[in-house]
Amino acid sequence: MADLDATEVTFVIKNPSKHDSESFRLSVPAGASVADIQDLIHKQYDGKPSPSTQTLIYAGKVLKDTSLLVKDLVKPMECGAPHSLHLVVRTPSKLSVARGYSSSSSSSGTAAAAAAAARPSATAAAMQPST
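The rules behind the values
- Residues numbered from 1 in each chain as written.
- Predicted model: local features only at pLDDT ≥ 70, side-chain atom pairs only at ≥ 80, totals over all residues.
- Heavy atoms only, no water.
- Helix = DSSP H or I, 4+ residues; strand = E, 2+ residues; numbered from the N terminus.
- Contact = heavy atoms within 4.5 Å.
- Areas by Shrake-Rupley, 256 points an atom, 1.4 Å probe, with all protein chains shown as cover.
- Pairing = 2+ DSSP bridges.
- Axes fitted to C-alpha atoms, helices over the stretch in contact; angles between N-to-C directions.

Trainee: Is there a simple way to explain the overall build of the chain in this structure?
Mentor: Tallying secondary structure elements over the chain gives five helices and five strands in all. Listing each helix as α and each strand as β along the chain from the N terminus yields α-β-β-α-β-β-α-β-α-α. In the chain, once contacts between residues fewer than 6 apart in sequence are set aside, the share between residues at least 24 apart is 61%. By element, 59% of the accessible surface of the chain is carried by carbon and sulfur atoms, the whole surface being about 8700 Å².

This is the structure we're talking about:
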């Protein structure tokens, strides 16, 4: 297995938000972990996405376990050919911040909804013709 750890594996990083992603290649030792790949992407990839914002997908599987080794992903006979590694970079959602979603606003939102629900019935009662 020491042989395989020293073998270089080349990944072509594909990012759906970038059209030129075919040109970015990353070579790592087979003994490297997913966390090592994320760190290299952070250092070398355009925009320098932090590892915490990266989601890596290999062969249709999301690589959630960052301790997983490349040699456990790639079959030994396939180490020479480049492999596609899909990269999705998450950005913080500004929409939830702009709308003011938080635990404190949700309770006031519930009170506002209750007040709004009560208003139509008061309006409807006022609109009924008096006899």
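Trainee: Where do I start with the sheet that holds strand S4 (residues 61-62) in this structure?
Mentor: Strand pairing within a sheet occurs via backbone hydrogen bonds; the two strands may be parallel or antiparallel. Pairing is mixed in the open sheet, where five strands are placed in the order S2-S1-S5-S3-S4. For this open sheet the edge positions go to strand S2 (25-29) and S4, each flanked by a neighbour on one side alone. As judged from the five bridges shared by strand S1 (residues 8-14) and S2, these two strands associate in the antiparallel manner. In the strand pairing of S2, Thr10 is matched with Ser27. Sheet strands touched by helix H2 (residues 34-44): S1, S2, strand S3 (54-58) and strand S5 (83-89). Its angle to S3, the strand with the most contacts, is close to 120°.

Trainee: Can you walk me through the environment of Thr91 in this structure?
Mentor: Within the secondary structure, Thr91 is located in the loop between S5 and helix H4 (94-99). Taking the C-alpha atoms as reference points, Thr91 and Thr53, separated by 38 residues in sequence, lie 6.9 Å from one another.

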